[in-house]
Amino acid sequence: MDGFRCDVASFVPVAFWEKARAAVEKVRPGCIWLAETVHGGFGAFARHSGFYSATDYEMFSAFDLEYEYDIREYFDRYLRGEIALSHWLDMLNLQEAIYPANYNKMRCLENHDQPRIASFVPEESDLVNYTALLYFLKGTTLLYAGQEVEAAHQPSLFEREPVDWSTGKDLSPLMTRLAAIKHGVLRPDDSFRAAADDEHHIAVLERDDGERICCGIFSLHSQSAAVEVKAPDGYVLDEESRTVKVNSNDTQTIVFKNTPKQSVTIEKYIDGTDTPLPGVTFLVTDASGAPVGNATGEYVTDANGRIVLTGLTPGMVLTVREVKTVKGYTLNGNPQTIVVGTGAASQTVTAAPSASTGTTTTGTGNTLTFYDEPLSVLVIHKSIEGTATEPLA
């Protein structure tokens, strides 16, 4: 035996399940425990009526995985058109927030206690999207016999009702491909986020493993619309659209690539030396003249005479102008322009005190270097005529 499915487990004290699990572990190490928890509303009603009903959070102390009945009512209400898609997806986000990091919910569109999903979703194109969404959800996927042939009749629990395999429909190839994605691409400890386009009934789901983000977009009413997704932190969103035609029993791959954002370093030195000059203020604007980064676009060199601007899009044009220097040095009023390059195509721009000596050379990184000359000192001596050193006050 590989494990136990415990019926209506919420109504049995968690302490019993913990004791039972410990006892079984001694004779069957690694035994899997699945809890059929109760619907959230039913559990709350039971507690209000004076009966014991453990919460799903409490049940995770004894069980490896649980039914998703805590939020099932919201999914059913969305199917019936009573609430918006975002309401159900918000409950999925709530699960991500309140359960242990390794929580495992058993996800299903239908089961022995629920109506067939095809009875709510007659359009096959919609059903395909619901099925793909099911596999994309974080947790374990449950399929109910007959779901693969889009059966709409809910069988009796107590009568023999064989599945009608002659419907002429078969989602098995799709499910096979989806299972390969779930096990080969997605990871059980991904972080999860969901958002919705309520007007068009489109779900946008995100799985993030810390190294890459997988995004699933599912149109549940066969409607088309542009949806907003985001690039990973530190990368530029690929806004170019792709068009692909998907045929029956066909698999197409669409590739989007995100370019890393870049940084630009502004360096300030005393002219003729490699001594950094801190406390110098620069104004940074884009090609339209708008400030870059903060509200004013002004930055001050640090103790190392440097300013580092991050999160810049490759190809962006920056103009950098020195607007205030420190006492004892001349202001370098020679602005410099740089096109933000990638790691493979970058540049160093040097701005000497004279506008005519500014140069652009190939380098590593995106760097702008400015030099300020020290102010000249004029000393006037007054002495008595006929003497060389006697001062005249």
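Scroll up to find the structure this text is about.
A quick note: this is a predicted structure, and the numbers were derived from the prediction, not measured.

In the structure shown here, the tally under the stated rule is zero disulfides. We note that Cys 215 lacks a disulfide partner, and the nearest cysteine sulfur, in Cys 214, lies 9.0 Å from it. By relative accessible area, which is 38% here, Cys 215 ends up partly exposed.

Let's shift gears to the nonpolar core. Judged by nonpolar contacts, the single largest core of 34 residues is most densely connected at Trp 88, Leu 89, Tyr 130, Leu 133 and Leu 205. Of all the elements in the fold, those that place two or more residues in this core are helix H4 (72-79), helix H5 (85-98), helix H6 (117-120), helix H7 (124-136), helix H8 (172-184), strand S6 (191-197), strand S7 (202-208) and strand S8 (213-219). Tallying contributions element by element places H7 first for this core, with seven residues. Discounting residues that sit within four places of it in the chain, Trp 88 has contacts with Ile 71, Tyr 74, Phe 75, Ile 83 and Leu 133.

This brings us to the side chain of Arg 107. Here Arg 107 shows up in strand S4 (residues 105-107). A polar contact is formed between the side chain of Arg 107 and the side chain of Gln 95, at a distance of 2.9 Å. Within polar-contact distance, the side chain of Arg 107 engages the backbone oxygen of Lys 138 at 2.8 Å. In contact with Arg 107, other than residues within four places in its own chain, are Glu 68, Ile 71, Leu 92, Gln 95, Leu 134, Leu 137, Lys 138, Thr 140, Thr 141 and Leu 142.

One non-glycine residue with positive phi stands out, namely Glu 150, at about 60°. Turning to its location among the elements, Glu 150 is positioned in the loop between strand S5 (140-141) and H8. According to the relative accessible area criterion, Glu 150 is buried, its value standing at 10%. We note that Ser 222 has phi near 55°; this positive angle belongs to a residue other than glycine.

Take the sheet that holds strand S16 (residues 336-339) next. An order of S13-S12-S15-S16 is seen for the four strands of this open sheet, with the pairing classed as antiparallel. This sheet does not close on itself; its edge strands, each paired only once, are strand S13 (298-300) and S16. Strand-to-strand, the axes of this sheet are offset by a mean angle of 30°, without reference to chain direction. Where strand S12 (residues 281-285) lies against S13, three bridges are found, and the strand directions are antiparallel. Counterpart to Leu 283 in the pairing with S13 is Glu 298.

This next bit is on the layout of surface pockets. There is about 260 Å³ of room inside the second largest pocket. Lining the second largest pocket are 16 residues; nearest its centre among them are Asn 104, Gly 139, Thr 140, Lys 182 and Pro 188. Of all elements in the fold, only S5 and H8 reach the threshold of two or more residues within the lining of the second largest pocket. Sorting elements by how many residues they give to the lining of the second largest pocket places H8 first, with three residues.

Quick notes on the rules
- Residues numbered from 1 in each chain as written.
- Predicted model: local features only at pLDDT ≥ 70, side-chain atom pairs only at ≥ 80, totals over all residues.
- Heavy atoms only, no water.
- Disulfide = S-S within 2.5 Å.
- Buried < 20%, exposed > 50% of the residue type's maximum accessible area, 1.4 Å probe, protein only.
- Core = buried A, V, L, I, M, F, W, Y, C linked by side-chain atoms within 4.5 Å.
- Helix = DSSP H or I, 4+ residues; strand = E, 2+ residues; numbered from the N terminus.
- Contact = heavy atoms within 4.5 Å.
- Polar contact = N/O pair within 3.5 Å; in protein donor to acceptor, adjacent residues only side chain to side chain.
- Pairing = 2+ DSSP bridges.
- Axes fitted to C-alpha atoms, helices over the stretch in contact; angles between N-to-C directions.
- 1 Å grid on protein atoms, 1.4 Å probe; cavity = no way out; pocket = protein on both sides within 12 Å on 5 of 7 lines; lining within 4 Å.
- Points joined across faces, edges and corners; volume = space filled by probe spheres on them.

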